[in-house]
Structures are given as structure tokens and as C-alpha cells.
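Commentary on secondary and tertiary structure
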Amino acid sequence: VQLVESGGGLVQPGGSLRLSCAASGFTFSIYGMKWYRQAPGKEREWVATIFSTAGNTAYADSVKGRFTISRDNAKSTVYLQMNSLKPEDTAIYYCKVTQRGLEYWGQGIQVTVSS
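1. A word on the sheet that holds strand 3 (residues 17-24)
Spatially, 1-3-8-7 is the arrangement adopted by the 4 strands of the open sheet, whose pairing is antiparallel. In the strand order of this sheet, the two ends are held by strand 1 (2-6) and strand 7 (67-72), each with one partner. Going from strand to strand, the sheet's axes swing by 15° on average, the running direction of each strand aside. Pairing of strand 7 with strand 8 (residues 77-82) involves 6 bridges; the strand directions are antiparallel. Of the residues in strand 8, the one forming a bridge with S70 is Y79.

Given below as C-alpha cells:
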């Protein structure tokens, strides 16, 4: 299992970024995928989930209405579209998949929201 995030960077408050997580080594389409983030000095927190069936989604209250998670099963990739970014969204963002009770994480990608 391999997960590789991309698309992070520096953005001004109110701006947008789209993160990608390219997956390999497993049958991507049958697993739910999650995004997490970890800000400096804070614990890692769940951000969003997209389920394998029907593409249903769920979001943390802190990002609801601003972030959108989506997936492209043909490309084995999950995305996180982040709009109306705030300084408090600054963090390292990780994608995760859980298989048979084992958690697999990407290496993380830095997102910095600052003027």
C-alpha cells in the first residue's frame, strides 16, 4: 500500500488549494478514504471521509462548507478541494486508508495559509 499526497503550498487567507492523494498497491475503489491534518503543537485531527459506496462524504465541523472531498476510482486518487482557507487551516495534511484493521498513511503535505 502506498499513498502519496501532492498539491500543498503557501496560500493567502481566502484562497484555495486542491490536494491529491495517489494510491497504489490495493483495490482503491472498494475502500473509504480519509483526510487528516496536524497543526504545529496539536494532535492529528480528522478532516473528511469519502466512503467507497455511492461516494458518500462526511466532514469535520471546522471545514464543513469550505472543503470538498472527492475521488476518481479510475485514477486511484482522492482529492481535497479547500476553499476560503483560513490561517487556522495551516497544517500538514495526510490521507489514510484502513484495511483489515491496519492503517496506512501518506507522508503528508504542508499547507500554509498566511498573508
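2. Notes on the pattern of salt bridges
Oppositely charged side chains can form a pair if their charged atoms are brought close together. On inspection of all chains with the given rule, the structure shows 5 salt bridges. Salt-bridge contacts for E45 lead to R37; the nearest nitrogen and oxygen are separated by 2.6 Å. The exposure class assigned to E45 is partly exposed, which follows from its relative accessible area of 34%. Look at R37 and you get buried, because its relative accessible area is 6%.

The rules we used
Residues numbered from 1 in each chain as written. Predicted model: local features only at pLDDT ≥ 70, side-chain atom pairs only at ≥ 80, totals over all residues. Heavy atoms only, no water. Pairing = 2+ DSSP bridges. Helix = DSSP H or I, 4+ residues; strand = E, 2+ residues; numbered from the N terminus. Axes fitted to C-alpha atoms, helices over the stretch in contact; angles between N-to-C directions. Salt bridge = Lys/Arg side-chain N within 4 Å of Asp/Glu carboxyl O. Buried < 20%, exposed > 50% of the residue type's maximum accessible area, 1.4 Å probe, protein only.

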